[in-house]
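In case you want the letters, here they are:
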Amino acid sequence: MCGIVGYIGSNRAYDILIQGLKRLEYRGYDSAGVALVDCDGKLKIHKSQGKVSNLESIASGANVEGHLGIAHTRWATHGEPNDINAHPHVSQSGMIALVHNGTIENYAVLKKVLMEHGYEFKSETDTEVLVQLIEYIKLTSSCTLLEAVREALLQVEGAYAIAVVEQNDPDTLIVARKSSPLVIGVGENETFIASDATPIVGYTDQVIYLKDNEIGVIRRGEPVQVLSMFNNEPSTINIQKLKLSLAQLEKGGYDTFMLKEIFEQPSTLRDCLRGRIVDNCRRVTLSGVDLNQERFKTAERITLVACGTSWHAALIGKRLIQDFCKMPVEVEYASEFRYGNPVLNEKDIVISISQSGETADTLAAIELAKAKGAFVYGICNVVGASIPRTTDSGTYIHVGPEIGVASTKAFTGQVTVLTLLALSVGQLRGAIDDATLHEVLAALDKIPETIEEALKVDPEVKKLSRIFSYAHNFLYLGRGYNYPTALEGALKLKEISYIHAEGYPAAEMKHGPIALIDHDMPSVIIAPSDSLYDKIISNVQQVKSRGGAVVAIVSKGNKAMNDIADFCIEIPEVPECLTPLVASIPLQLLAYYIAVNKGKDVDQPRNLAKSVTVE
Ligand code: M6R
C-alpha cells in the first residue's frame, strides 16, 4: 500500500524518482507526487491524482531540477484520491516535505492539538499531521530536523515508512520505519531509498533493510547512518547484496505483467523446486524444516494464516498436511486470527503465507502467535521482506518479482512449497508411506513440464473468453483439493474484470447458490478425474438441469464430460493433490482474457494494491 522512493546524489533526482515510482506503482496508483530540493535551496512539489503518467504530464515543462528528492505513489486510506490528498505533504511554512506509507492511528488527536496551536490543514490525510508535527517540534524546540523527526515519531501510533526533506538543506534525506518496509540502496556517491528494492535495481546491488524503529540519516557524501528511534544510539549496519535483475522487472515481450507471470510458471516452479527434491524423488530437503525437525515432529497442530490468494493456497495446504502428516490443521484469515483470541502454545506451529511478506494482518498474526509461544514458519516470495525477518524459520518460494496485482505465479509457488513441506513433515513424522511419497515427488518434480503442457490451452481459453465476457455473474465450483482452486478462480475473475464471481464447494451449491443459476449465469466446474469425480458429475448435472452453462475443467482424455458440459478444457493428469496446480492455469487465463476483452487494466485493477500494508 503506497510506495515511497527517494534519491540523493549527483544525478537529476526527478528521473530516478519517476522511474522508481513506476516500479512501485503496483503498491497503489490513486495519485503520485514528487518533492525536489533544488541546489538553490528551493522545495518544488508536483503531484497529481491518478497514475505516475499523469504526474509526468503535469510536471512536463516545469522546473524539475535538483539532486535530492522524495516521491510517492498512493493507495488511498485517509481521504479520497485527489490532488490535495496526494503526497508529498508539506508543513505549514512550506519548508518540510514528507512521504509516507502506512497509517497514523492517533492522527485525529495530534491534529486537534496542532490546530489549537494555529496549524491549518489542507488535506484529509493522516500524513499531513505528521509533517506538521515535525515542524511544530522543530520550531518550538529549536532543534534539528533529525531531532524533530525522532521526537514526532515517538508521539505517533501506527505503521509508517517515511522519507523527509527540508528546503534549506539540499544535502540531507531522513527516513524511518515501523511496520512498513524501507530499503536503502548504497551506490557510489549516491543513495536511494524505496519501499522495496525494485527502484534500486540497476543502480546498485548494495542494500540495507531498515528495521522497525530505526531512523536512517543520509547526508550527501557521507556513509549512511542508522539510529535507534528510542535511544538515538547508532545501530549496526548490515549491507546485503541484492539478487534481483532488471530483466525480472520487465514485461519480456508480453502485453502485461500478468500474462508474463502466467506463462513464466514452468520456469518459476523450476526455480521453486530447485535442489529441494532429492534421493531420486524419495526425500525433500527444505532447510527451514530440516533445521527444526524436533519442532515439526512434536507439534500437535498446525495453523495456517494468510490473506487473499495466499489464504487459498493455505486451504490447499491444509488438505496436504492432513493427508500426508495426519495431524490437525486449521486455516485462518490473518485478519480474523489476530483478533480472535486464538488458543496457542509451544506445541503449535503457525505457518504464515504471503507473497509480499508485508501484509499488515499477516504480520500482526505472526506477532500474536509468537507472543503465545507458537513456532512461526513463513512461506514468502520477497526476499528480505518483513515477514521472513519476523518468523522463526521459513521457506522462500523463489518465483521472482510478481508485479501484476492479481497473484498467479506466487499462488502456484506457494502450493508447491506447501506440498514439499507436507511431504517432508509427513516423512519426518512417519505418517506417509514410501510409495505415496515417491509417486507425489516424482510428479511434482515434473510439474514445470506439466504446467508447460497445461498452458497449451491458451488459444482455446482465449476463444472461450469471448463467449463469456458478457456475463455479470459467475459461479466457480470444485470439491476436495479443488474447492480452494474454485475460490482462487473466482477471485482472479473478480479482481481484474470486476465481474461478480463466487467460489463454492460444489456440493454446497444446492444449499443456496443453486437459486442463482439461470442461462445468464455460467458455472466453471473443476472436475479432474480424482476420487470425487463421480460426485462432481452430479453437481454438473444439477447446474445443467437448471439452464446454467457449464465450463468444465477435466483431465486429459475425459470425453464423457463433453456430453454434459457446454465446454470442456483439458488439463494434464496428475496425482489428486497436485490438481490445483494444473487446474489453476486455465482459470488464470480465463480471467485474464475476459478482463482484456472488457478493456480492463489487468495489471493495475481499480481500488487494489499489490501489497496491503494497512489493516
Ligand atoms: O502479499 P500477500 O500474499 O500477503 O497478499 C495477500 C493478498 O493481498 C493477495 O493475495 C491478494 O488477494 C491478491 N491481489 C490476489 O490476487
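Residues numbered from 1 in each chain as written. Predicted model: local features only at pLDDT ≥ 70, side-chain atom pairs only at ≥ 80, totals over all residues. Heavy atoms only, no water.

A negative phi angle is the norm for most residues apart from glycine, just as the trans form is the norm for most peptide bonds. A cis geometry characterises the amide bond from His87 onward to Pro88, with omega recorded as 0°. With respect to the helices and strands, Pro88 occurs in the loop between β4 (68–74) and β5 (89–90). Positive phi is not limited to glycine here, since Cys281 has a value of about 60°. Here Cys281 lies in the loop between β15 (277–278) and β16 (283–284). Backbone geometry places Tyr498, a non-glycine residue, at a positive phi of 65°. Structurally, Tyr498 can be placed in the loop between α18 (483–497) and β23 (500–505). (Helix = DSSP H or I, 4+ residues; strand = E, 2+ residues; numbered from the N terminus.)

This part is about the sheet that holds strand β7 (residues 158–166). Read across the open sheet, the six strands follow the order β5-β6-β7-β8-β12-β13; overall the sheet is antiparallel. The open sheet has two edge strands with one neighbour each: β5 and β13 (225–228). In the sheet, strand β6 (residues 96–104) pairs with β7 via nine bridges, with the strands oriented antiparallel. Among the inter-strand pairings, His100 is bridged to a residue of β7, identified as Ile162. The strands touched by helix α4 (residues 127–141) within the sheet are β5, β6 and β7, with β6 carrying the most contacts at an inclination of about 130°. Lying on the sheet, helix α5 (residues 145–155) is in contact with β6, β7, β8 (169–178), β12 (214–219) and β13; it crosses β7 at an angle near 165°. (Pairing = 2+ DSSP bridges. Contact = heavy atoms within 4.5 Å. Axes fitted to C-alpha atoms, helices over the stretch in contact; angles between N-to-C directions.)

To continue, consider the layout of surface pockets. Space inside the largest pocket adds up to approximately 770 Å³. Along the walls of the largest pocket sit 37 residues, with Tyr209, Leu244, Asn381, Val382 and Val383 positioned nearest its centre. Secondary-structure elements contributing two or more residues to the lining of the largest pocket are β11 (206–209) and β14 (240–241). Both domain 1 (3–247) and domain 2 (251–445) contribute no fewer than three residues apiece to the lining of the largest pocket. There is about 580 Å³ of room inside the second largest pocket. Around the second largest pocket, the lining comprises 29 residues; the ones closest to its centre are Cys307, Gly308, Thr309, Lys610 and Val612. Residue assignment for the lining of the second largest pocket shows that the elements contributing at least two residues are α10 (308–325), β19 (348–354), α12 (360–371) and α18. By residue class, the composition of the lining of the second largest pocket is 12 nonpolar, 12 polar and five charged. Of the residues that make up the lining of the second largest pocket, three or more belong to each of domain 2 (251–445) and domain 3 (452–601). (1 Å grid on protein atoms, 1.4 Å probe; cavity = no way out; pocket = protein on both sides within 12 Å on 5 of 7 lines; lining within 4 Å. Points joined across faces, edges and corners; volume = space filled by probe spheres on them. Domains from an automatic or database assignment. Nonpolar A, V, L, I, M, F, W, Y, C, P; charged D, E, K, R; others polar.)

The next subject is the site of the ligand. Looking at the ligand, there are 15 residues lining it, with Ser310, Ser354, Ser356, Thr359 and Glu495 nearest. In the environment of the ligand, an oxygen atom lies 2.6 Å from a nitrogen or oxygen atom belonging to the side chain of Ser354. Burial of the ligand by the protein chains amounts to 92% of its free accessible area of 410 Å². More than half of the atoms belonging to the ligand lie within 2 Å of the grid points that define the second largest pocket. Elements represented by at least two residues in the shell around the ligand include exactly α10 and α18. Within the shell around the ligand, the residues separate by chemical class into five nonpolar, eight polar and two charged. Summarising the domain contributions, the shell around the ligand has at least three residues from each of domain 2 (251–445) and domain 3 (452–601). (Near = heavy atom within 4 Å. Polar contact = N/O pair within 3.5 Å; in protein donor to acceptor, adjacent residues only side chain to side chain. Areas by Shrake-Rupley, 256 points an atom, 1.4 Å probe, with all protein chains shown as cover. Sits in = over half its atoms within 2 Å of the grid points.)

What follows concerns the domain arrangement of the protein chain. Under the domain assignment used here, the protein chain contains domain 1 (3–247), domain 2 (251–445) and domain 3 (452–601). Taken over both partners, the interface formed by domain 2 and domain 3 buries close to 2,400 Å², and the fraction arising from carbon and sulfur atoms is 74%. Viewed at the interface, domain 3 and domain 2 are joined by one salt bridge. Glu452 is the salt-bridge partner of Arg270, the closest N and O atoms lying 3.7 Å from each other. Linking domain 2 with domain 3 are eight residue pairs in polar contact (both at pLDDT 80 or more), by the criterion used here. Those elements that place two or more of their residues in the side of domain 2 that touches domain 3 are α6 (257–263), α7 (265–273), α10, α14 (409–428) and α15 (434–445). Per-element tally for the side of domain 2 that touches domain 3: the top contributor is α10, with 10 residues. In terms of residue class, the side of domain 2 that touches domain 3 is made up of 16 nonpolar, 10 polar and five charged. (Buried area = accessible area lost by both parts, 1.4 Å probe. Salt bridge = Lys/Arg side-chain N within 4 Å of Asp/Glu carboxyl O.)

In this section: the environment of Met229. By the secondary structure assignment, Met229 is in the loop between β13 and β14. With 154 residues separating them in the primary sequence, Met229 and Trp75 have C-alpha atoms 27 Å apart. If near-sequence neighbours (up to four positions away) are discounted, Met229 is found in contact with Arg150, Leu153, Leu154, Tyr160, Ala176, Arg177, Asn213, Glu214 and Ile215.

Sheet architecture is open: five strands sit in the order β23-β22-β24-β25-β26, paired in parallel fashion. Edge positions in the open sheet fall to β23 and β26 (567–571), since each of these has one partner strand only. For this sheet the average axis-to-axis angle between neighbouring strands, irrespective of direction, equals 20°. Pairing between strand β22 (residues 473–478) and β23: six bridges, direction parallel. Bridge pairing links Leu477 to Tyr504 in β23.

This part covers the nonpolar core. Grouped together as the largest cluster of nonpolar side chains are 95 residues, with contacts concentrated most on Leu304, Phe474 and Tyr476. For this core, the two domains that each supply at least three residues are domain 2 (251–445) and domain 3 (452–601). For Phe474, the contacting residues outside a window of four places in its chain are Phe468, Leu493, Ile499, His500, Ala501, Glu502, Met521, Pro522, Val524 and Ile594. (Core = buried A, V, L, I, M, F, W, Y, C linked by side-chain atoms within 4.5 Å. Buried < 20%, exposed > 50% of the residue type's maximum accessible area, 1.4 Å probe, protein only.)

On to empty space enclosed by the protein, then. For the structure on display, the rule yields two cavities of 30 Å³ or more. By volume, the largest cavity is sized at about 60 Å³. Lining the largest cavity are Cys2, Arg74, Trp75, Ala76, Thr77, His78, His87, His100, Gly102, Thr125, Asp126 and Thr127. Classifying every residue of the lining of the largest cavity gives three nonpolar, seven polar and two charged. Looking at the second largest cavity, its volume works out to about 30 Å³.

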